[in-house]
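# Examining the three-dimensional arrangement
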Amino acid sequence: MNVKTYNAISPKGLNYLAERGYQLNADQPADAILLRSQDLHSETISDSVKAIVRAGAGFNNIPVDELSQRGIPVFNTPGGNANAVKELTIAALIMAARPVIGAIDFANSVRGGDVSLRTESDKGGYRGTELAGKTLGVIGLGNVGSKVANTALALDMKVIGYDPGLNANTAWRIDRHVQHASQVETLLQAADYVTVHIPYTEGNHFFISRDKLALMKPEAALINYSRNDIVDNQAAVDALKEGHLRRYLTDFSDDVLYDNDQVIITPHIGGSTIEAEETSASMAAQQLDAFLTSGNLIHSVNFPDINEPFTSQYRVGIFHENVPNMLGQISQVFGSFGLNIEELSNRANKQYAYTLVAINELDDQQEAGLLSRLGQINQVLKVHFYQQSK
Ligand SMILES: NC(=O)c1ccc[n+]([C@@H]2O[C@H](COP(=O)([O-])OP(=O)(O)OC[C@H]3O[C@@H](n4cnc5c(N)ncnc54)[C@H](O)[C@@H]3O)[C@@H](O)[C@H]2O)c1
Ligand SMILES: O=C(O)[C@H](O)COP(=O)(O)O
């Protein structure tokens, strides 16, 4: 099978696939796409593509709605780069509290004469404040936000978190000393530092809006290592200029942010560590292989996860809409070919569902007829067949 890749994917992931016989970027139609931040919205995704896997967390670069309608699963690698982003966010907090960059520039500019005398006499201009005792507001307590919140507690900060969609697994990881805000407004009013760790979705467009910025303390700093349009950058720049915000640190460039001493921009490097790239690429490669060889869905963002050991001779994976009587129709097709279902897993994720059927007996004629009849059921989006490797 052929996997088309975009961006710099760690060899850990590429080698995993190559060792299992996948061709990478061969001159033939792709069975799958493996990528990081490449924008796929304006690309035509060919019908040969069975799956798309994002080595990373954010998947707003992928046309997920269109792919869901076509029965193509999209995967991401949650948590794979969370520690890297956490560490850079802590660096941002320190840069927001202490004038580290200006001080380095100053130290480098002091040349000639008695360097030590001049640095000692002028260093007063580079005094900062401490994080200990200050309040950090963390918006989004998922893989990244929960780590940032816990680490900030270890720096003796007070931490308030806001995440109305928190899942139970993540909730267990959050230190009990993180205070819970049920309204984001409470967090914005109380925090000396606000850091945002939420995905970019239509609903989160300009989540940090002009109105929300107005609620923040004038001496507060805002950190955005999530995505560009989660913060209204123009409103942030205006708030800085009018003295309603002290500092803005972001991982995303934008024309309105340049030439501003109160802004610190990094070039989308939150997940750019050797460790994070290796972990994310390995997760992506393993999840892709699991799907292409056994139909298991692990960390799918648009279909439900189903991850069962492949113990039967054959499996059929059916992507379909989440509507009544799909299981009845699917079982009826298997029955009409005299096929006994050994196991059937079915799960739904909003308007889409996935059914994985295990069987042991099947000849070539039954295979062709079965797949074609399943594909003809209304609301079935895609059907894949898997055979146990010898
Ligand atoms: N700068 C980088 O290189 C970098 C690296 C990794 C992730 N990210 C960005 O950070 C985002 C978060 O990453 P993650 O791994 O923690 O994702 P995650 O899915 O583990 O967590 C996101 C959390 O945000 C919460 N959330 C969503 N909308 C919210 C809202 N309006 N208010 C409050 N909470 C909300 C969700 O309930 C979830 O718990 C990613 O989607 C990605 O865009 C950036
Ligand atoms: O969402 C993510 O995982 C980050 O933004 C990292 O993106 P990258 O893989 O392009 O560095």
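Residues numbered from 1 in each chain as written. Chains lettered and ligands numbered in written order. Predicted model: local features only at pLDDT ≥ 70, side-chain atom pairs only at ≥ 80, totals over all residues.

### Quick word on the overall build of the protein
Helix and strand content of the protein: 13 helices and 16 strands. C-alpha atoms of the protein, sized along the principal axes, occupy 90 × 45 × 35 Å. Counting only contacts in the protein whose residues sit at least 6 apart along the sequence, the fraction spanning at least 24 positions is 63%. (Helix = DSSP H or I, 4+ residues; strand = E, 2+ residues; numbered from the N terminus. Contact = placed C-beta atoms within 7 Å.)

### Considerations on the site of ligand 2
Taken together, R36, S37, G56, A57, G58, N81, G270, G271 and S272 form the complete shell of residues around ligand 2. Counted by class, the shell around ligand 2 contains one nonpolar, seven polar and one charged residues. (Near = placed C-beta within 6 Å. Nonpolar A, V, L, I, M, F, W, Y, C, P; charged D, E, K, R; others polar.)

### Description of the site of ligand 1
Within the structure, ligand 1 sits among 31 residues, and G58, G142, G165, P199 and G270 are positioned closest to it. Elements supplying a minimum of two residues to the shell around ligand 1: α3 (82-97) and α6 (143-154). Here the shell around ligand 1 is built from residues that sort into 14 nonpolar, 14 polar and three charged. Looking at which domains feed residues into the shell around ligand 1, each of domain 1 (1-81 + 273-302) and domain 2 (82-265) supplies at least three. (Domains from an automatic or database assignment.)

### Structural notes on the sheet that holds strand β10 (residues 221-224)
Pairing in this open sheet of seven strands is parallel, and the strands run β8-β7-β6-β9-β10-β11-β12 from one edge to the other. Both edges of this open sheet fall to β8 (179-180) and β12 (263-265), since each of them pairs with a single strand only. Bridge count between strand β6 (residues 135-139) and strand β7 (residues 158-162): five bridges; the pairing is parallel. Its bridge partner lying in β7, T135 is registered against K158. (Pairing = 2+ DSSP bridges.)

### Section: the domain arrangement of the protein
Here the domain parsing of the protein yields domain 1 (1-81 + 273-302), domain 2 (82-265) and domain 3 (303-390). Listed per partner, the contact involves nine residues of domain 1 and eight residues of domain 2. Considered class by class, the residues forming the side of domain 1 that touches domain 2 number three nonpolar, five polar and one charged.

### Some thoughts on the sheet that holds strand β5 (residues 74-75)
Paired through backbone hydrogen bonds, the strands of a sheet run either parallel or antiparallel to each other. Pairing within the open sheet is parallel, and its five strands lie in the order β2-β1-β3-β4-β5. Across the chains shown, the open sheet's two edge strands, defined by having one partner strand only, are β2 (23-24) and β5. Across the face of the sheet, helix α11 (residues 274-294) comes into contact with β3 (32-35), β4 (51-54) and β5 while running at roughly 165° to β4. (Axes fitted to C-alpha atoms, helices over the stretch in contact; angles between N-to-C directions.)

### Quick word on the confidence of the model for the protein
Across the protein, pLDDT averages 97, with 100% of residues at or above 70. Of all secondary-structure elements in the protein, the lowest mean pLDDT belongs to helix α5 (residues 115-122), at 87, while strand β9 (residues 193-196) reaches the highest, 99. Note on the complex model: pTM 0.96, ipTM 0.99. (pLDDT = per-residue confidence, 0-100.)

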